[in-house]
Amino acid sequence: MSIPAYRISLGSTSQAAMYVHILLFRCPDCNLPVAISRVSKEKTLEVVDAEFLHITCSYCDKLSDVPAAAAKKHYVEDWA
Ligand SMILES: [Zn+2]
């Protein structure tokens, strides 16, 4: 049974503070909302905003690469 790589990296930092970044995009094809989450040790928006993200629209199945900074909304939650 294989373990996804992201679980390995999270396992070593399980004692550290964790934040979930929830980003809300507008699908470039159908204009409906696409929400994704990222996990980070950083609470600041800028750390995640520097990334490019793959988003998949659940309405029209369009795949897009978008800069995180293009999100319409960016929420951060403590994830202890
Ligand atoms: Zn769409």
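Everything discussed here concerns the structure shown above.
Residues numbered from 1 in each chain as written. Predicted model: local features only at pLDDT ≥ 70, side-chain atom pairs only at ≥ 80, totals over all residues.

Peer 1: Which residues make up the environment of Val66, and what are the values?
Peer 2: Inspection of the secondary structure puts Val66 in strand S4 (residues 63-67). Linking Val66 and Phe52, residues 14 residues apart in sequence, is a C-alpha distance of 5.5 Å. With sequence-adjacent residues up to four places away left out, Val66 is seen in contact with Phe25, Phe52, Leu53 and Ile55. (Helix = DSSP H or I, 4+ residues; strand = E, 2+ residues; numbered from the N terminus. Contact = placed C-beta atoms within 7 Å.)

Peer 1: Outline the sheet that holds strand S1 (residues 19-26), supporting the account with residue identities and numerical values.
Peer 2: If you walk across this open sheet you meet the three strands as S2-S1-S5, and the pairing is antiparallel. The open sheet has two edge strands, strand S2 (33-40) and strand S5 (73-78), and neither has a second partner. Neighbour-to-neighbour, the strand axes of this sheet turn through a mean angle of 20°, independent of strand direction. (Pairing = 2+ DSSP bridges. Axes fitted to C-alpha atoms, helices over the stretch in contact; angles between N-to-C directions.)

Peer 1: If you had to explain unusual backbone geometry to someone new, which residues and values would you point to?
Peer 2: Backbone geometry places Asn31, a non-glycine residue, at a positive phi of 65°. Mapped onto the elements, Asn31 comes out in the loop between S1 and S2. Asn31 gets classed as exposed once you count the C-beta atoms within 10 Å, which come to 10. In this model, Asp61 sits at a positive phi of 65°, which is unusual for a non-glycine residue. (Buried ≥ 20, exposed ≤ 12 C-beta atoms within 10 Å, placed from the backbone.)

Everything listed here is a matter of geometry and, on its own, says nothing about what the molecule does.
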